[in-house]
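These are the residues of each chain, in order.
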Amino acid sequence: MSISITPKAAEKVVEIATAEDLIGQGLRLRVIGGGCAGFSYDLYFEDKPTDLDETFEDKGIKLYVDPLSYQYLDGTEIDYVEGLHGSGFKFSNPNVKSTCGCGSSFNA
């Protein structure tokens, strides 16, 4: 298993990286405690992975995941959605047992 990114999300990452002068950096994906269901996702640009990270590359995007987060994120697909309630990255995670209404918090 691994972590993947949809073409639309990859396109958005490149767009943001270009606008913010972050081309060449990877995306750090991690799970942090908090949110209304116990855990929430954190996604940001980072220069390079640490020695302990799981690293993936999909559609030209480098993804870095720490070992603790990886146990909750294995098999996750990152998408980008635009809608009436705003736009943003969406995580399709097969490990999630329940979520809350905000869509960015989950229980595993």
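The shown structure was predicted, so the numbers you read here are calculated from the model rather than taken from an experiment.

### Here's the deal with the overall build of the protein chain
Move 1: When you go through the protein chain residue by residue, the secondary structure sums to 2 helices and 9 strands.
Move 2: Mapped in sequence order, the helices and strands of the protein chain form the string β-α-β-β-β-β-α-β-β-β-β.
Move 3: Residues classed as buried in the protein chain amount to 35% of the 108 residues present.
Move 4: Partitioning the intrachain contacts of the protein chain with sequence separation of at least 6 by distance along the chain shows that 54% fall at a separation of at least 24.
Move 5: Entry remark: accessible area of the protein chain is about 6,300 Å², with carbon and sulfur atoms responsible for 49%.

### Looking at the packing of aromatic side chains
Move 1: Across all of its chains, the model carries 4 aromatic pairs by this definition.
Move 2: Plain terms: the ring middles of Phe56 and Tyr70 are 5.7 Å apart, the flat faces sit at 25° to each other, and that makes the pair stacked. Taken together, the positions of Phe56 in strand E4 (residues 54-58) and Tyr70 in helix H2 (residues 67-73) put the pair 14 residues apart, joining distant regions of the chain.
Move 3: Relative accessible area serves as the criterion here: at 14%, Phe56 is assigned to the buried category.

### Observations regarding unusual backbone geometry
Move 1: In this model, Asp21 sits at a positive phi of 60°, which is unusual for a non-glycine residue.
Move 2: With respect to the element layout, Asp21 can be found in the loop between helix H1 (7-19) and strand E2 (26-33).
Move 3: Non-glycine residue Lys59 carries a positive phi angle of around 55°.
Move 4: One can find Lys59 in the loop between E4 and strand E5 (61-65).
Move 5: A relative accessible area of 46% places Lys59 in the partly exposed class.

Reading guide: rules and limits
- Residues numbered from 1 in each chain as written.
- Predicted model: local features only at pLDDT ≥ 70, side-chain atom pairs only at ≥ 80, totals over all residues.
- Heavy atoms only, no water.
- Helix = DSSP H or I, 4+ residues; strand = E, 2+ residues; numbered from the N terminus.
- Buried < 20%, exposed > 50% of the residue type's maximum accessible area, 1.4 Å probe, protein only.
- Contact = heavy atoms within 4.5 Å.
- Areas by Shrake-Rupley, 256 points an atom, 1.4 Å probe, with all protein chains shown as cover.
- Phe/Tyr/Trp six-rings, centres within 6.5 Å; stacked < 30°, edge-to-face > 60°.

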